[in-house]
Every structure is written in structure tokens, then in C-alpha cells.
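What the coordinates show
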Amino acid sequence: MLDAPEPRLIRSMYDKWAAAQPWVNIFLQRVGQVVGRPENLDLLLDRGEVVLVFPEGVKGIQKTFQKAYQMSEFGLGFMRLALAHSCPIVPVAVVGTEEQYPAVWDAKRLARLVGLESLPIPLQTLLPFMGFMPLPTKYRISMGKPMHFDGDPDDEDHVVGEKVWVVKHTIQLLLDKALRERRHVFW
Amino acid sequence: MKARRQGARAGVLVTGVCGRLGLQLVRSLHRTEKVIGIDTREGSVLPRDVTHHRIDMRRRRSRDIFRRAGVRAVIHLGIMHDPRASAAERHSWNVDAFSSVLEFIRDYHIPKLVLLSTGAVYGPLPDNPQFIAEDHTLKGGARDPQLGDLIEVDMLAQSYFWQNPECETVILRPTHIVGTVRNGVMEYARLERPPMALGYDPLIQLVHEKDVVKAIMLALRPGLAGIFNVAAGGQMPLSRVLRLVGKDPVHVPSGILRTALRLSRGLKAFEFHEAQVDYILFPCMLDTGRASRTLGFEPDHDVFSCIEEVRCAISEEP
């Protein structure tokens, strides 16, 4: 993106929960990221910015390791906005993240006590001297070709859902390919 | 149709005229308009050609001013923000007085109402859009009970706008006004060491009082109605604003700050309510696109000159 003639910063959408956390909010704001709200996405696309969305939402990070690389249900909002702005969607698959913090257990009761939906417990927190230290996995990022969609952004959910399924399926194929080609988790 | 029949002689009625912003406004307005001011405060500093009525808008006698004066537009600035006043007094002053203003405008067919509301009605919240548009929900009262009556005033004006389309209603929602005015943000800047919440540094917008006056003057143009956010160009983190103002903030956990303000509320020692801590935690930035497109408002002061104004205003005081 930065090698392009007119380089653009990728602006990712983060959850409102992160926006309320001390220091985290400052870091995200300082590096040019924005709260995941349709108004923000609308404004950025209007300005011709590159926006990174995570259509799985928080469900994507609530999974335990048994469901690694199996994508959760995608939201429809990103597709409606892409249709409204006639902007292409570039599918991106990242391999290596699920092994970095392999969640072995979802402490739902504890999560409810602290006001969260779920609280995946990473393996390292249960091991002595590890704490929250990430495992040194290698990230493999695969990008597909830009996908163009046409249609009414206000279509019924099932109509928009079909387009979303195409994106999800494409990302799943990219993930499966990257996993097949990976020789080792750490190098 | 009395006001309309009086043609050129009809004037502009300004409530809250003796406040610092009211004074700035009438100094600009009286050159071209006949100005009638209403305020319970002393008005000795008003220009001589401004007719000042020292009366509470809630009094029945205030109706006579609207009836006799020949008014072509009402600018409502008479909003009380004092956090030390009781909730009942503030509600009565803000909501009851404004209801009376609306009643008089309807009864005497005054064709224009300009309400100076506040951008705070949207509320500082972690999930606010980066720039809040005028059609965003007014959530300010969810955490700050003090804003409840200001939201009510804003909503009253909106409902009046729909019920009486013959009256051009303009609602201006400025962000933090700076200059000679005495408000929360200026009081905060006057503190020896303004507190910042540990781990938070929200982006801040400001607007110069002269730009607010400019927006009000533009809103008086015939044929214009609607809701407009008003802010200076640019925004910056609170820490940088304070640094440029020449202040060294003290970083305190937000919970401690809230508790300290809650405990000291009974003493009326501070001009801040614990709910106002949210302003130093989360952003509340306004989208000023509509004001630029429809109102033709372009601020003369950017965020840097607003900060310079704050620096001068607080250093001039003893």
C-alpha cells in the first residue's frame, strides 16, 4: 500500500470496548485507527481511504483452539457499505495468529463477572513464567484479487448474505491454501 | 401578523443578552438591526441603542415585550449551565423559560428562531463516530443528568420546527466555546494543573466565540432553517491543547476523579460535575459539513488560534 504512487494508510475498525480501555484507546487513535461504526466507515470510503474490516467481529477472537481457522458468521454491514460506495473488497487471510495465543478454554462465567461476552484463556497463562507472552509464530498473510459486487445496499439480508458468503468462502480458500503450504508454525 | 406588518422597524430579540457571548453578539448585531435584549442581569455594558428588559422569561410580564416590541427574529442564548445550581432551578430556568419563548413566538407569529444549543447534547462516549452529524441520537443525558434539560430544550425547538414550519427554526450546536466566555472548558483551562484521566487523551474540538457570533448572524438570514454543528477547523489531543495553553496537567485515574468530584459536590467547591469527567475520557467531535454547505459558515479561527485565545484569556486574569 505504501509503495503505491499515492500511498494510503490502512485504517482498521476496532470495537467500542477497546475504545473505552485506558492506553489502548490512545494507541489505536494515534496510529490512525477508528471505532467500528457505519458512520466512520462511510466517511472513510467517501474520502477514498483504505479500510480494514473484520467481518467476524468479536466472535473471531472468542474461539477456542478447536475452532482455529474456521471462520465464524460474517456480518452484513461491510457488504452493504461496499455496495453503497461501489468499492472493491480485497479478501485477506492471516495464518499464524491462532497459534500465537491458543485459547484452551472460554471462561464465560468469569467473563460475565467483568462485563464481557466471553473470555478465552490462552494456553500460556496456565503455564509457569509465561504470562501473556505470545508464542513466536510466523504470520503468513495472503491477499486475494479485488472482488467487485453490484446491487442495492438496502437489499434483503438473504440477498446481501449471498454476496457475503462469496467473500467468506474466498477467504476460507485462501486460509486452507496457506495452511497446506505452511511447513512449520514457527518458521 | 403583527411583527411582519412592522417591516423594517421590527427588531431582533436576544435572550441572555448580558452574558459574555450575548454582549459579543449585540455588538455585532446592533449596527444593522434594532436589538431588544432580555436578561435578569445588569446590562450597563450593552450598546446604548440596545433596549434592555431586565426580566425573567418565566414571568408573565415578558409576554408584553414580544407583543409590543415588533420582533422579526428571536435569538435564544438564555441557557443556564451552572453546575452549582439545583437541578430544579436549572430545569425551570432552561425548559420553562424556553417553553414561554416558543409560546410567544407562536402567538405573535415571529418568523425566525435561532437557538444556541450545545454540541454536548451528543455526549462524549467511547463508541461515538469520529465526527458526529446533526441527525445523530442525543445521548448526552445518558451519563450526564445535567444535560437532560439542555437536550429537552433542543428537542422542544426541533418539535416546534416540525409543528410550525412557517417559523424558520435554526438550532446551532457549537462545540466547546472559548474566548472571554465563562464556561466549563474555560474554567478547566484556568485550573492551576488541569486533571487528565490516566490512560486517556481524547481528541478535542474548539470554537472561538467570534465564530459562534458569526454563525448566529448567518442563521438570521431569511429562508434558512435546520440544525447545524459549529466548530473550528482542526482537532487535537487534549494533552497537546493543554501543553499549548501552557498548562502542566496532573494525571489521575478517572475513578478517583469522579469520586472526588462526587464527594465535593455538597461543598459546591468545584464548578464541575462528576459526569463531566467523560469529556476528558472520550471524544465528542462534530461534523461541520452541513454548516459549511447550507449555512455558508467558514470559521475565521482554527484550533490553534482558539488555543491562543484561551492562553491569552487565562493569562490576562489576575
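Shown above is the structure to which this text applies.
Here is what the cut-offs are and how they apply
Position numbers for residues count from 1 along each chain, tracking the sequence in the order it is written. Labels follow written order: the first chain is A, the first ligand is 1, and so on. The predicted origin of the model limits local features to residues at a pLDDT of at least 70 and limits the giving and counting of side-chain atom pairs to 80 or more, whereas totals for whole chains, interfaces and linings rest on all residues. Side-chain metrics rest on all non-hydrogen atoms present in the structure, leaving aside hydrogens and water. Helix and strand assignments come from DSSP, with helices taken as H or I runs of at least 4 residues and strands as E runs of at least 2, each series counted from the N terminus. To get the radius of gyration, use the C-alpha atoms; to get the globule rule, take the number of residues to the power 0.38 and multiply by 2.2 Å. By definition, residues are in contact when any of their heavy atoms lie within 4.5 Å. Surface accessibility follows the Shrake-Rupley procedure with a 1.4 Å probe radius. Residue values consider only the protein chains on display as shielding. In this charge count, Lys and Arg are treated as positive and Asp and Glu as negative; neither His nor the chain ends contribute. Just so you know, the charge point we use is NZ for Lys, CZ for Arg, CG for Asp and CD for Glu. Accessible area, probed at 1.4 Å, shrinks when two parts are joined; the buried area is that loss added up over both. The salt bridge definition used is simple: a Lys or Arg side-chain nitrogen within 4 Å of an Asp or Glu carboxyl oxygen. Here a polar contact means two N or O atoms within 3.5 Å. Within protein one must be a hydrogen donor candidate and the other an acceptor candidate, and residues neighboring in sequence count only if both atoms are side-chain atoms. Only Asp, Glu, Lys and Arg are considered charged in this grouping, and only Ala, Val, Leu, Ile, Met, Phe, Trp, Tyr, Cys and Pro are considered nonpolar; every other residue, Gly among them, is considered polar. Whether two strands pair depends on DSSP finding at least two bridges between them. Note on geometry: axes are C-alpha line fits, over the in-contact stretch for helices, and angles between N-to-C directions span 0 to 180 degrees. Under the scheme applied here, a residue whose accessible area is under 20% of the maximum for its type counts as buried, over 50% as exposed, and between as partly exposed, the area being computed with a 1.4 Å probe on protein chains only. Multiplying 1.5 Å by the helix residue count minus one yields the expected span of that helix. In this description, a nonpolar core means a group of buried Ala, Val, Leu, Ile, Met, Phe, Trp, Tyr and Cys residues linked to one another through side-chain atoms lying within 4.5 Å. Handedness rule for crossovers: strands pointing away from the viewer, path from the first strand over the helix to the second running clockwise, crossover right-handed. Stacked, tilted and edge-to-face are the three classes assigned to paired rings of Phe, Tyr and Trp, where Trp is represented by its six-membered ring and a pair needs centres within 6.5 Å; plane angles under 30 degrees give stacked, over 60 edge-to-face, the rest tilted.

Points about the overall build of chain A
Across its full length, chain A carries 8 helices and 7 strands. Radius of gyration (C-alpha) of chain A: 18 Å, near the 16 Å computed for a compact globule of 187 residues. Overall, the C-alpha framework of chain A stretches about 50 × 40 × 40 Å when taken along its three principal axes. In chain A, the share of contacts with a sequence separation of at least 24, taken over all contacts with a separation of at least 6, comes to 64%. Total accessible area on chain A stands at roughly 12,100 Å², and carbon and sulfur atoms take up 60% of it. Positive and negative charge centroids in chain A, built from 22 and 22 side chains respectively, lie 9 Å apart.

A word on the interface of chain B and chain A
Taken together, the contact pairs 17 residues of chain B with 17 residues of chain A. When the two sides are added together, the surface that chain B and chain A hide from each other amounts to roughly 1,300 Å², 55% of it contributed by carbon and sulfur. Sorting the residues of chain B by area buried against chain A places Asp127(B), Gly199(B) and Tyr200(B) first, and these three jointly supply 33% of that buried surface. Summed over the shared surface of chain B and chain A, the number is 3 salt bridges. Of the charged contacts in the structure, one is a salt bridge between Asp127(B) and Lys16(A), with a shortest N-O distance of 4.0 Å. For the pair chain B and chain A, the interface holds 7 residue pairs in polar contact (both at pLDDT 80 or more). Looking at side-chain class alone, the side of chain B that touches chain A contains 9 nonpolar, 5 polar and 3 charged residues.

Observations regarding the sheet that holds strand 1 (residues 11–15) of chain B
Residue and element names in this part refer to chain B. With parallel pairing, 7 strands are arranged side by side in an open sheet as 3-2-1-4-5-6-11. Strand pairing shows two members of the sheet lacking a second neighbour, strand 3 (51–53) and strand 11 (226–230), which therefore form its edges. Shown here is a sheet whose adjacent strand axes are inclined to one another by a mean of 20°, direction ignored. Pairing of strand 2 (residues 35–38) with strand 3, which is carried by 3 bridges, proceeds in the parallel orientation. In the strand pairing of strand 3, Gly37 is matched with His52.

Things to note about the pattern of salt bridges
Residue and element names in this part refer to chain B. Within the structure shown, the criterion is met by 27 salt bridges over all chains. The closest approach of N and O atoms between Asp39 and Arg41, which form a salt bridge, is 2.9 Å. With relative accessibility at 4%, the residue Asp39 sits in the buried group. The partly exposed category is assigned to Arg41, whose relative accessible area is 42%. Arg58 is the partner of Asp56 in a salt bridge, and the nearest nitrogen-oxygen pair spans 2.7 Å. Residue classification places Asp56 among the buried residues on the basis of a relative accessible area of 18%.

Considering helix 4 (residues 87–107) of chain B
All names here are of chain B. Helix length check: helix 4 (21 residues) gives 29 Å between terminal C-alpha atoms against 30 Å at 1.5 Å per residue, within 8%. Listed as buried for helix 4 are Arg90, Ser92, Trp93, Asn94, Val95, Ala97, Phe98, Ser100, Val101, Leu102, Phe104 and Ile105. Its buried side turned inward, helix 4 meets helix 3 (62–69), strand 4 (71–76), strand 5 (112–116) and helix 5 (148–163). Downstream of helix 4 by one or two residues, His109 has phi in the positive range, about 50°.

Things to note about unusual backbone geometry
A positive phi is found at Ser86(A), a non-glycine position, where the angle reads about 50°. You can see Ser86(A) is positioned in the loop between helix 4 (77–85) and strand 4 (92–95). Even without being glycine, His109(B) reaches a positive phi, approximately 50°. Overall, His109(B) belongs to the partly exposed group, its relative accessible area being 37%.

Focus on the environment of Pro283(B)
Residue and element names in this part refer to chain B. Considering the arrangement of structural elements, one finds Pro283 in the loop between helix 9 (254–263) and helix 10 (289–295). A C-alpha to C-alpha distance of 32 Å links Pro283 and Val74, two positions 209 residues apart in sequence. Discounting chain neighbours no more than four positions away, the residues touching Pro283 are Pro124, Leu125, Asn128, Pro202 and Leu203.

Overview of the nonpolar core
The biggest cluster of nonpolar side chains holds 64 residues, and the ones touching the most others in it are Val14(B), Ile75(B), Leu172(B), Ile216(B) and Leu295(B). Formed by 39 residues, the second largest nonpolar core is a distinct cluster that contains Val74(B), Leu102(B), Tyr108(B) and Cys284(B).

What to know about the pairing of strand 6 (residues 168–174) of chain B
Two faces, one strand: in a regular strand the side chains alternate between the faces of the sheet. Residues and elements named next belong to chain B. Taking burial as the measure, the 7 residues of strand 6 include 6 buried ones, the bulk of the element. One ladder, built from 5 bridges, connects strand 5 with strand 6; its direction is parallel. Following the sheet pairing, Leu116 is matched in strand 6 by Leu172. In this region the chain leaves strand 5, passes through helix 5 and returns to the parallel neighbour strand 6; the handedness of that crossover is right-handed. Relative to strand 11, strand 6 runs parallel, the two sharing 5 bridges.

Here we look at the packing of aromatic side chains
All told, the structure shown has 4 aromatic pairs over all chains when counted by the stated rule. When the centroid spacing of 6.3 Å and the interplanar angle of 70° are considered together, the rings of Phe74(A) and Phe78(A) count as edge-to-face. For Phe78(A), a relative accessible area of 11% puts it in the buried group. Ring geometry for Phe66(B) versus Phe104(B): centroids 5.0 Å apart, planes at 50°, classification tilted. With Phe66(B) in helix 3 and Phe104(B) in helix 4, the pair connects residues that are 38 residues apart, well separated along the chain. Assessed through its relative accessible area of 5%, Phe104(B) is described here as buried.

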